[in-house]
Amino acid sequence: MKLDKIPPVRDVFSSKMGVIAAAAGSAVGLGNIWKFPYITGVYGGAAFLFVYLGFIALIGLPIMLSEFMIGRKSRSNVFGAFKNLAPNSPWKYVGLLGVAAAVMILSFYGVVAGWSIDYIVKSVTDSFASKSPAELGSMFTQFIEKPGLPIFYQLLFMLMTMAIVIIGVKDGIEKYAKILMPVLIVIIIILDIRAITLDGAKEGLYFLFHPDFSKLTADGVLSALGHAFFSLSLGMGTLITYGSYIGNQNNLAKIALQVTVADTLIAILAGIAIFPAVFAFGIEPSSGPGLVFITLPNVFQQMPGGFFFSILFFLLLTVAALTSSISILEVVVAYFREELKIKRTLATILATVMISIVGVFCSLSMGLFKEQTLFGLNLFDLLDWISANMLLPLGGLFISLFIGWYWGRKSIEEELAKGSKLSRGLITAFIFVLKFIAPGAIAIVFLNGLGVF
Ligand code: PFF
């Protein structure tokens, strides 16, 4: 490496636990607890879940490892990573695609995180007490359609995200993620126990685990693919950015496996907390983005200590959203810092303001602007759909082609040899998946979902 090419001194995660907590903190978030149950409900339950699990194992895990490798090798933001590893080629535009996806995702992500903050307040003020499922439903709808309060909480959330990202990787991101993730898991398990002991819970478990593949549509399969990327934080360079902070002594394959398993388990645990309750309380499983916010308050009402648990749950949901939102913002900030040479604090403020402006319109598209639609989707749903179902799978397609075809076996072996000893057979399988299986499957699902076939 020429002297002028040596990257400036960059942050590095301080420990292996810190790496796992930060990466799992990014993966586990609203995607697992809010989005997974609601889209599983919309697309008919177990069949969707099984296709999603297939995509996680076959495509998600290898692409996660690829992102870590690209990040650690290049020690760069998502744009710089492709620029460094494939100089003078168009690969760097994959990085720009990632930055665009990050802006879109955080715009609507902040809205939902804002709802979660409002639900902490509602829990503290005991607002769910003695309300019927129907009343809890309209409470949610009326709230998200308001122009004021949801935006206030959304901006508050964006401010918190900004503050942590300004503090930086080691002191901000790593420290918070390490403490709070395990607490969230414990509370979801407590909710599971309550949910599966409700009268009528069986039907919910049947819905979640007994597949009827005839219900599956092309759109459902594309959404399962998109959600695999969304939930694992893949396809836009979040884990390339985090990978760039991982030390050479860490075993990337093991970290990727641990993060993938943790993320998937938490989504399933969230599903087990939600669907039995959905059926027990007669809520429509396909009722959309409000599913968690309507269903769980019913559960809290019916459990000893529900008042306390509901505060804790929405608090931790907000924290889980925060450990993900900081990873999304970090993609944009690292790009601004390293490519546009803007200092961390200013870069973070600029990115936050930009994203918050789009985000405010996302929030307004729930009420005031709900008639303004494109392809039948309001701005919130449109950004969600385009980013999760188009940009992330496209990003994933390019990442798999990059590692599978551009990098070649020697570079792959070299990078994987740092901190781990993968057998030759496993490496061969990994390369085969990245060369053929992942790009092929993504292309087919993508074109099929868009109605090209
Ligand atoms: N994985 C996060 C979640 O499930 O909530 C959301 C997310 C984070 C998506 C980072 C994409 C990303 F790059």
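Rules and cut-offs
Residues numbered from 1 in each chain as written. Predicted model: local features only at pLDDT ≥ 70, side-chain atom pairs only at ≥ 80, totals over all residues. Heavy atoms only, no water. Helix = DSSP H or I, 4+ residues; strand = E, 2+ residues; numbered from the N terminus. Rg over C-alpha atoms; globule rule 2.2 N^0.38 Å. Buried < 20%, exposed > 50% of the residue type's maximum accessible area, 1.4 Å probe, protein only. Contact = heavy atoms within 4.5 Å. Near = heavy atom within 4 Å. Polar contact = N/O pair within 3.5 Å; in protein donor to acceptor, adjacent residues only side chain to side chain. Areas by Shrake-Rupley, 256 points an atom, 1.4 Å probe, with all protein chains shown as cover. Nonpolar A, V, L, I, M, F, W, Y, C, P; charged D, E, K, R; others polar. Phe/Tyr/Trp six-rings, centres within 6.5 Å; stacked < 30°, edge-to-face > 60°. Lys NZ or Arg CZ within 6 Å of the ring centre and 35° of its normal. Axes fitted to C-alpha atoms, helices over the stretch in contact; angles between N-to-C directions. Parallel < 35°, antiparallel > 145°, perpendicular 65-115°, else oblique. Salt bridge = Lys/Arg side-chain N within 4 Å of Asp/Glu carboxyl O. Expected span 1.5 Å × (residues − 1).

Chemist: Help me out: how do you make sense of the overall build of the protein chain in this one?
Modeler: Counting its secondary structure elements, the protein chain contains 17 helices and 0 strands. For a compact globule of 453 residues, the expected C-alpha radius of gyration is about 22 Å, and the protein chain comes in at 21 Å, within 12% of that figure. Oriented by its inertia axes, the alpha-carbon framework of the protein chain measures out at about 70 × 45 × 40 Å. Looking at the protein chain as a whole, 59% of its 453 residues qualify as buried. Long-range pairs, those at least 24 residues apart, make up 82% of the contacts in the protein chain with a sequence separation of at least 6.

Chemist: Is there a simple way to think about the site of the ligand in this case?
Modeler: Around the ligand lies a shell of 15 residues, among which A27, G31, Y109, F230 and T238 are the nearest. Contact distances for the ligand include 3.1 Å between an oxygen atom and a backbone N or O atom of L30. The contact in question runs from a nitrogen atom of the ligand to an N or O atom on the backbone of S231, over 3.1 Å. For the ligand, whose accessible area on its own is 340 Å², the fraction buried by protein is 100%. Elements that contribute at least two residues to the shell around the ligand include exactly helix 1 (16-27), helix 2 (30-42), helix 10 (218-231) and helix 14 (306-339). Tallied by class, the residues present in the shell around the ligand amount to 6 nonpolar, 9 polar and no charged.

Chemist: Can you help me understand the packing of aromatic side chains in this one?
Modeler: Two measures describe an aromatic ring pair: the distance that separates the ring centres and the angle between the ring planes. Within the structure shown, the criterion is met by 34 aromatic pairs. A centroid spacing of 6.2 Å and a plane angle of 50 degrees characterise the contact between Y109 and F230, whose relative ring orientation is tilted. Taken as a pair, Y109 in helix 5 (residues 92-124) and F230 in helix 10 lie far apart in primary sequence, 121 residues in all. Of the two residues examined, Y109 and F230, each falls in the buried class. In this structure, K35 is placed above the aromatic ring of F230, and the distance from its NZ or CZ to the ring centre is 4.2 Å. In this arrangement the basic side chain of K122 is found over the ring face of F143, its NZ or CZ atom lying 4.3 Å from the centre.

Chemist: Help me understand the packing of helix 3 (residues 46-74) against helix 9 (residues 201-209) in this model?
Modeler: In a packed pair of helices, the relevant descriptors are the angle between the two axes and the axis-to-axis distance. Running from N to C, helix 3 and helix 9 point in directions that differ by 45 degrees, and their axes come no closer than 5 Å. With respect to helix 9, the axis of helix 3 lies oblique. Contact with helix 3, carried on its side by A46, L49 and F50, involves F207, L208 and F209 of helix 9 and no other residues of that element. Here the contact of helix 3 with helix 9 is composed, by residue class, of 6 nonpolar, no polar and no charged.

Chemist: Please clarify how unusual backbone geometry should be interpreted in this entry.
Modeler: Note: most peptide bonds trans; most residues except glycine with negative phi. With phi around 45 degrees, S130 is a residue other than glycine that occupies positive phi space. Here S130 is to be found in the loop between helix 5 and helix 6 (133-145). Of note in this structure, K341 is not a glycine but carries a positive phi near 55 degrees.

Chemist: Explain the pattern of salt bridges to me, please; I cannot follow it from the model alone.
Modeler: If the charged atoms of two oppositely charged side chains come close together, the side chains can form a pair. The full count for this structure, using the stated rule, is 10 salt bridges. Here E330 ties to R344 by a salt bridge, and the two come within 3.1 Å at their closest N and O atoms. Placement of E330 in helix 14 and of R344 in helix 15 (residues 344-364) is noted, with a sequence separation of 14 residues between them. The two residues E330 and R344 agree in class, both being buried. With a shortest N-O distance of 2.8 Å, R409 and E413 are connected by a salt bridge. In this pair, R409 and E413 are both assigned in helix 16 (residues 379-417), 4 residues apart and thus about one turn of the helix distant. Accessibility expressed as a relative area gives 24% for E413, which makes it partly exposed. When salt bridges with common partners are traced through the structure, they connect R72, E415 and K418 into a single cluster.

Chemist: Hey, could you run me through helix 5 in this one?
Modeler: Between its first and last C-alpha, helix 5 extends 48 Å over 33 residues, near the 48 Å set by a 1.5 Å rise per residue. Across the 33 residues of helix 5, 26 count as buried, placing the element largely inside the fold. Positioned one or two residues after helix 5, D126 has a phi angle of 55 degrees, which is positive.

Chemist: Looking at this structure, how should I read the environment of D381?
Modeler: With respect to the helices, strands and loops of the structure, D381 is situated in helix 16. Taking the C-alpha atoms as reference, D381 lies 8.4 Å from F108; in sequence the two are 273 residues apart.

Chemist: I keep staring at the side chain of T238 and nothing clicks. Help me out?
Modeler: Along the chain, the position of T238 falls in helix 11 (residues 238-243). T238 sits in the buried class, given a relative accessible area of 2%. Those residues in contact with T238, other than ones at most four positions away along the chain, are S26, E67, S233, S327 and V331.

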